[in-house]
Amino acid sequence: MYAGAGCALAGHPTGGLINLQELELRAPGKLMIAGEYAVLEPHQPAVVVAIERYVRARLRRSDAWAVSVPAFGLYDVPFSPVMGGIHFANPDPRLRFVQEALVVALSENVAPFSLELHSDLEESDGRKFGLGGSAAAVVATVAAVCHATRPSHETPPSAEKIFKLSAVAHFRAQGSGSGADIAASTYGGWLRYTSFQPRWLAARLARGDTVQELVSEPWPFFSVERLSPLPRDLQLCVGWTGEPASTAHMLRRIDVLKEEEPHVFEAFLVESHRAVEHLTAGLQSANRHRALEAVTRNAAALRKLGQEAGIPIETPALERLVAAAEEAGGAGKPSGAGGGDCGIALIFGEREAARLSVLWREAGLVPLQLTPQDAGVVVSRVIP
């Protein structure tokens, strides 16, 4: 037996995929809107949104286990369930997220299948924008296995189950992370999110708790709430700086600040919490001024945090992004860890959003056409 929670019914008499030959589904990427860094702490909220770019999974019955990720140049890589995990014939480190997703999702007595993953979260020329590709790949893999291997008389796997399995897999592959990207890929839409806490999950796994045990119980600190309805004229604008960001380096510097100057970090947490709560309240009450002020407030808190930690959360390119957003009548900030990648702006009105795109181009930024996606991971095709 291997150490998965299992989405199939162990010992099911068919011993194979249930009632289908092929299944396709898609999991959206994400953008962080507010609450970066703070969301890693207990009860600290963030706002994250799913976007209409996806990792698409195709799972088919097969004579042998295999995984293909064409973007990596990997085709029909053999794998096999073994005691304690999944063994890949090609130990390519880029497969670690898919490997952990298979570990947590597979159960006993499942017949072989092939899994193929395609992503449009990166450009064809290899440019990456920090849209949560690894998280979406994990969610797509977990959901595909869960849907494909469930007995026909059982209901489809819940979003909560897919989230928990995916969060465990992503954490085991990466060793950190708030899970906000997993939530966006699983649930979709605009979300107010608080993290399950990586330290809690690490402690539970270290003491030997099984994935099945973890999935079956409530998770402390974790919450997810859909923000709806939103103002009709709300526009989410995304600008790419052209600069890659090193999230791991930024997080290490923040950890040093937390240890050496905890009062500084606590002050940041207070500001971030207020900004996120004002943003959610402003959006849900259609109070434009309050929503934009909250984005500006969160940007200022992140800027100060970066200065205190000695890291460029708001780079010169992101400074130009924020300034242009304000000139167009909106409010902007870094998205995610900062230090490069993308920034976001909230603005009200299509004309205002178009003007902002012009200003960003003039400032050397690349406007991205990224639209919020209301749905999370969904099955798009089934062949019985």
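Relevant structure appears above.
Residues numbered from 1 in each chain as written. Predicted model: local features only at pLDDT ≥ 70, side-chain atom pairs only at ≥ 80, totals over all residues. Heavy atoms only, no water.

## Some points on the pairing of strand β1 (residues 22-34)
Thought 1: Of all the 13 residues making up β1, twelve are buried; the element is thus mostly covered by neighbouring parts of the structure.
Thought 2: As judged from the five bridges shared by β1 and strand β13 (residues 378-383), these two strands associate in the antiparallel manner. Pairing of E24 across the sheet is with R381, part of β13.
Thought 3: Bridge count between β1 and strand β2 (residues 45-61): twelve bridges; the pairing is antiparallel. (Buried < 20%, exposed > 50% of the residue type's maximum accessible area, 1.4 Å probe, protein only. Helix = DSSP H or I, 4+ residues; strand = E, 2+ residues; numbered from the N terminus. Pairing = 2+ DSSP bridges.)

## Quick notes on the environment of P93
Thought 1: Following the sequence through the fold, P93 ends up in the loop between β5 (85-88) and α1 (96-105).
Thought 2: For P93, a relative accessible area of 57% gives the class exposed.
Thought 3: Taking the C-alpha atoms as reference, P93 lies 9.9 Å from A173; in sequence the two are 80 residues apart.

## As for the sheet that holds strand β10 (residues 331-334)
Thought 1: A sheet is described by the order of its strands in space; here four strands give the open sequence β10-β11-β9-β12, paired in antiparallel fashion. Unpaired on one side and paired on the other, β10 and β12 (366-368) mark the two borders of the sheet. Neighbouring strand axes in the sheet, compared pairwise and without regard to direction, differ in orientation by 30 degrees on average.
Thought 2: Relative to β12, strand β9 (residues 234-240) is paired through three bridges, and the arrangement is antiparallel. Bridge pairing in β12 links G239 to P367.
Thought 3: Running over the sheet, helix α9 (residues 288-309) touches β10 and β11 (342-348) and is turned about 30 degrees from β10.
Thought 4: Each of β9, β11 and β12 is contacted by helix α11 (residues 350-362), which is oriented at about 10 degrees to β9, the strand it contacts most. (Axes fitted to C-alpha atoms, helices over the stretch in contact; angles between N-to-C directions. Contact = heavy atoms within 4.5 Å.)

## Some words on α11
Thought 1: Given a rise of 1.5 Å per residue, 13 residues ought to cover 18 Å, and the 19 Å separating the end C-alpha atoms of α11 matches this to within 8%.
Thought 2: Every buried residue of α11 is listed here: A353, L356, S357, L359 and W360. Taken end-on, α11 shows its buried residues confined to a sector of 165 degrees, consistent with a single buried face. Exposed and facing more than 90 degrees away from the buried side of α11 are R351, R361 and E362. (Expected span 1.5 Å × (residues − 1). Arc of directions from axis to C-beta.)

## Examining the pattern of salt bridges
Here the idea is simple: oppositely charged side chains can pair when their charged atoms come close.
Thought 1: Taken as a whole and assessed by the stated rule, the structure comprises 23 salt bridges.
Thought 2: A salt bridge links E271 to R274, with the nearest nitrogen and oxygen atoms 3.5 Å apart. Taken together, the positions of E271 and R274, both in helix α8 (residues 262-284) and three residues apart, correspond to about one turn of that helix.
Thought 3: What makes R274 partly exposed here is its relative accessible area of 42%.
Thought 4: The structure contains a network of salt bridges with shared partners spanning E22, E24, R58 and R381. (Salt bridge = Lys/Arg side-chain N within 4 Å of Asp/Glu carboxyl O.)

## Here we look at helix α2 (residues 133-149)
Thought 1: Here α2 contains 17 residues, and its C-alpha end-to-end distance of 24 Å stays within 8% of the 24 Å for a straight helix at 1.5 Å per residue.
Thought 2: Most of α2 sits out of view: 16 of its 17 residues are buried.

## A word on the packing of helix α7 (residues 247-260) against α8
Thought 1: Running from amino to carboxyl end, α7 crosses α8 at an angle of 115 degrees, the nearest separation of the two axes being 5 Å. Here α8 runs roughly perpendicular to α7, going by the angle between their axes. Residues I254, L257, K258, E259 and E260 of α7 lie in contact with α8, whose contacting residues are P262, V264 and F265.
Thought 2: Taken together, the residues of the contact of α7 with α8 break down into five nonpolar, no polar and three charged. (Parallel < 35°, antiparallel > 145°, perpendicular 65-115°, else oblique. Nonpolar A, V, L, I, M, F, W, Y, C, P; charged D, E, K, R; others polar.)

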